[in-house]
Amino acid sequence: MLPFPEPTKPAASRNEVFTGYLDFFRSRVIDKITELPEPELRTSRVPSGWTPLELVKHLTFVELRWIEWGFQGRPVEKPWGDWKDDRWHVDPAETRESLLEALRTQGRHTTSVIETTDLSEVGQPGPRWKGAEPATLERVLFHLVQEYARHLGHLDIITEQATTEPGE
């Protein structure tokens, strides 16, 4: 398990700080999903109906939408591929392993962008911005950190309900 990136731990750059937090949050999501019993992965414990596997797929697409489709301005065939019928969706054929590997792969891409790009660089124009001026990489990364922190908290609660093991 990756240690929490304590604010007192020296970092060579703000890029390294963002990478540290995103890597930590991503690794905790992966650990929690790996530890959940199989029946819990496709079961919802909340009124909104999302499942742990849907959360994993959502986080993968969050990174895809904000980094590749948004910041980099790359064409993405299905940027909302985690949505179906106005909610998160995972096909029955998608497995824990395939969804976790997709999250890891997307995370490696995000890390590569962070390590090779100045935080003040402005993203490419495109549909992600809905007509607004593109954001800087730093602003995009702040958004990703809050997405991960919020959803990891949700997953902590679900994991505690499912296993009685407390969250972070």
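Up top you'll find the structure we're talking about.
Just so you know, these numbers come straight off a predicted model, no measurement behind them.

Q: Explain unusual backbone geometry to me, using residue names and the numbers behind them.
A: Unlike most non-glycine residues, Asp-85 shows phi in positive territory, near 55 degrees. Checked against the element boundaries, Asp-85 lands in the loop between strand 1 (83-84) and strand 2 (87-88). Judged by its relative accessible area of 67%, Asp-85 falls in the exposed class. The phi torsion at Asp-86 lies on the positive side, around 65 degrees, for a residue other than glycine. Its location among the elements puts Asp-86 in the loop between strand 1 and strand 2. When its relative accessible area of 74% is taken as the criterion, Asp-86 is described as exposed.

Q: Give a detailed account of the nonpolar core, specifying residues and quantitative values.
A: One finds Val-29, Ile-33 and Leu-141 to be the most contacted residues of the largest nonpolar core, which totals 37 residues. Every element with two or more residues in this core is listed here: helix 1 (14-35), helix 3 (52-71), helix 4 (96-116) and helix 5 (137-163). Here the element with the most residues in this core is helix 5; it accounts for 9 residues. Those residues in contact with Val-29, other than ones at most four positions away along the chain, are Val-56, Leu-59, Leu-103, Tyr-148, Leu-152 and Leu-155.

Q: Tell me about the side chain of His-109, and name the residues and values.
A: For His-109, the position within the fold is in helix 4. Exposure remark for His-109: the relative accessible area of 18% places this residue in the buried category. Apart from residues no more than four positions distant in its own chain, His-109 is found in contact with Ile-67, Glu-68, Gln-72 and Arg-74.

Q: An account of the packing of aromatic side chains is requested, with residue identities and associated values reported.
A: Scanning the entire structure with this criterion turns up 8 aromatic pairs. Ring centres 5.2 Å apart and planes at 90 degrees place the aromatic pair Phe-4 and Phe-24 in the edge-to-face group. Here Phe-4, found in the segment before helix 1, pairs with Phe-24, found in helix 1; they are 20 residues apart in sequence, far enough to count as distant. Accessibility expressed as a relative area gives 5% for Phe-24, which makes it buried. These aromatic residues form a ring-pair network of at least three members: Phe-4, Tyr-21, Phe-24 and Phe-25.

Q: Requested: an account of the packing of helix 1 against helix 4, with residues and values cited.
A: Where helix 1 meets helix 4, the axes come as close as 10 Å, and the angle between the chain directions of the two elements is 175 degrees. Looking at the two axes, helix 1 sits roughly antiparallel to helix 4. Residues Asn-15, Thr-19, Leu-22, Asp-23, Arg-26, Val-29, Ile-30, Ile-33, Thr-34 and Glu-35 of helix 1 lie in contact with helix 4, whose contacting residues are Arg-96, Leu-100, Leu-103, Arg-104, Gly-107, Thr-110, Thr-111 and Ile-114. For the contact of helix 1 with helix 4, a count of residues per class yields 7 nonpolar, 6 polar and 5 charged.

Rules behind the numbers
- Residues numbered from 1 in each chain as written.
- Predicted model: local features only at pLDDT ≥ 70, side-chain atom pairs only at ≥ 80, totals over all residues.
- Heavy atoms only, no water.
- Helix = DSSP H or I, 4+ residues; strand = E, 2+ residues; numbered from the N terminus.
- Buried < 20%, exposed > 50% of the residue type's maximum accessible area, 1.4 Å probe, protein only.
- Core = buried A, V, L, I, M, F, W, Y, C linked by side-chain atoms within 4.5 Å.
- Contact = heavy atoms within 4.5 Å.
- Phe/Tyr/Trp six-rings, centres within 6.5 Å; stacked < 30°, edge-to-face > 60°.
- Axes fitted to C-alpha atoms, helices over the stretch in contact; angles between N-to-C directions.
- Parallel < 35°, antiparallel > 145°, perpendicular 65-115°, else oblique.
- Nonpolar A, V, L, I, M, F, W, Y, C, P; charged D, E, K, R; others polar.

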